[in-house]
Amino acid sequence: PIYRFAYTIPDSHSGYNAPRHHLLKYRKSGTKALYREIVGPLRTPRLMVEAIVEGKTDVGPLDSFAYALLCRHWPDVAGRTRVIASTDVVPIPAFMASAGTSPETVKRLADTLVTFGDDPEQAELRADLCILGFARVKETEYQITEDWAQAAETRGLAEIA
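About the cut-offs
- Residues numbered from 1 in each chain as written.
- Predicted model: local features only at pLDDT ≥ 70, side-chain atom pairs only at ≥ 80, totals over all residues.
- Heavy atoms only, no water.
- Helix = DSSP H or I, 4+ residues; strand = E, 2+ residues; numbered from the N terminus.
- Buried < 20%, exposed > 50% of the residue type's maximum accessible area, 1.4 Å probe, protein only.
- Contact = heavy atoms within 4.5 Å.
- pLDDT = per-residue confidence, 0-100.
- Polar contact = N/O pair within 3.5 Å; in protein donor to acceptor, adjacent residues only side chain to side chain.
- Salt bridge = Lys/Arg side-chain N within 4 Å of Asp/Glu carboxyl O.
- Core = buried A, V, L, I, M, F, W, Y, C linked by side-chain atoms within 4.5 Å.

Chemist: Teacher, can you tell me more about the environment of Ile-9 here?
Modeler: Counting through the fold element by element, Ile-9 comes out in the loop between strand E1 (4–6) and helix H1 (13–23). Exposure remark for Ile-9: the relative accessible area of 34% places this residue in the partly exposed category. Residues Ile-9 and Lys-25, spaced 16 residues apart in sequence, show a C-alpha to C-alpha distance of 22 Å. Once residues lying within four places of it in the same chain are set aside, the contact partners of Ile-9 are Gly-15, Tyr-16, Pro-41 and Arg-43.

Structure, rendered in C-alpha cells:
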C-alpha cells in the first residue's frame, strides 16, 4: 500500500462507517491493509480538508453536506480538493429531541422544519445552509448504517486498515 487514509472519528457514519463499507469491495482475501498509513482521528470535516490540502493524508471521507458547506463558505481551500469516489447514499443525520420533550413540541418543530423548504423568505438562508428543505423520516431508515457496520466487522474490517 502506498496511500495514506484519514478518518474523522470511529463513531462517525460518514467519516468512518460509510467509507469502511465502501472499501469492502477492494478488500481481497488475505489482504491485511489497503493503506500505508491511517491518519486520525481528525474530528471535523474542516480538519479533514486541511489534512488533504496540507498533504498530511492522500484521501479521506467527507459527508456530502459538509463538503457542500465547505465549498460554499471556504472555497479557497475546499476548491483545492476533489471528489474521487462516493459511497452509497444513506439518509442525512436526523434532528433529535430529548426523550422528555413533549409530543406536541416535537410535532411543532417537525412541522416547522418541513415547511422551511417552501418558505420564500428563507431562500437566502437555505442557500447559505446548502439545503433545499427537510423531510420526515422513520427511525427504521437508519438501520442501514448499523447493517454496514456489521457487514464490515463480519468481513474483518472492524477498523480501516
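Now, onward.
Chemist: Sorry, what's going on with the confidence of the model for the protein here?
Modeler: When pLDDT is low, close inspection of the predicted coordinates is not appropriate. Across the protein, the average pLDDT comes to 93, with 100% of residues at or above 70. The spread of mean pLDDT over the elements of the protein runs between helix H7 (residues 143–154), the lowest at 93, and E1, the highest at 97.

Chemist: Help me understand the side chain of Thr-57, please; the structure alone is not making it clear to me.
Modeler: With respect to the helices, strands and loops of the structure, Thr-57 is situated in the loop between helix H2 (45–53) and helix H3 (64–73). One polar contact links the side chain of Thr-57 to the main-chain amide nitrogen of Ala-6, over a distance of 3.3 Å. Setting aside residues up to four positions removed in sequence, Thr-57 forms contacts with Arg-4, Phe-5, Ala-6, Val-39, Ala-51 and Ile-52.

Chemist: Please explain unusual backbone geometry as it appears in this structure.
Modeler: Note: most peptide bonds trans; most residues except glycine with negative phi. Cis geometry marks the peptide bond from Gly-40 to Pro-41; its omega dihedral reads 10 degrees. Unlike most non-glycine residues, Arg-43 shows phi in positive territory, near 70 degrees. Take Arg-43: it is sitting in the loop between strand E2 (37–39) and H2. The exposure class of Arg-43 is exposed, given its relative accessible area of 58%. Although it is not a glycine, Cys-130 sits at a positive phi angle of roughly 60 degrees. Tracing the sequence through the fold places Cys-130 in the loop between helix H6 (123–129) and H7.

Chemist: Can you walk me through the side chain of His-22 in this structure?
Modeler: By secondary structure assignment, the location of His-22 is in helix H1. On the basis of relative accessibility, which here comes to 17%, the residue His-22 falls in the buried class. Ignoring any residue separated from it by four or fewer positions in sequence, one finds His-22 in contact with Ala-85, Ser-86 and Thr-87.

Chemist: What's the story with the pattern of salt bridges in this structure? I'm lost.
Modeler: Inspection of every chain in the model, using the stated rule, returns 7 salt bridges. Note that Arg-46 and Glu-50 form a salt bridge whose closest N and O atoms lie 3.5 Å from each other. Of the two residues, Arg-46 and Glu-50 both sit in helix H2, 4 residues apart, roughly one turn of that helix. For Arg-46, a relative accessible area of 44% gives the class partly exposed. Linking Lys-107 and Asp-111 is a salt bridge whose minimum nitrogen-to-oxygen distance equals 2.6 Å. On the criterion of helical spacing, the pair formed by Lys-107 and Asp-111 is a turn pair, its members being 4 residues apart in helix H5 (residues 103–116). When its relative accessible area of 25% is taken as the criterion, Asp-111 is described as partly exposed. Among the charged side chains, a network of salt bridges with common partners joins Lys-107, Asp-111 and Arg-136.

Chemist: Looking at this structure, how should I read the environment of Ala-66?
Modeler: With respect to the helices and strands, Ala-66 occurs in helix H3. Each C-alpha atom of the pair Ala-66 and Pro-45 lies 6.5 Å from the other, and the pair is 21 residues apart in sequence.

Chemist: So what exactly am I meant to see when it comes to the nonpolar core here?
Modeler: Where a protein is soluble and globular, its nonpolar side chains tend to be buried together. Counting 10 residues, the largest nonpolar core consists of Phe-5, Tyr-7, Tyr-16, Leu-23, Leu-24, Tyr-35, Val-59, Ala-152, Leu-157 and Ile-160. Ignoring anything within four residues of it in the chain, the contact list for Leu-24 reads Ala-151, Ala-152, Arg-155 and Leu-157. Counting residues in hydrophobic clusters, the runner-up holds 6 residues, among them Val-49, Val-53, Leu-70 and Val-77.

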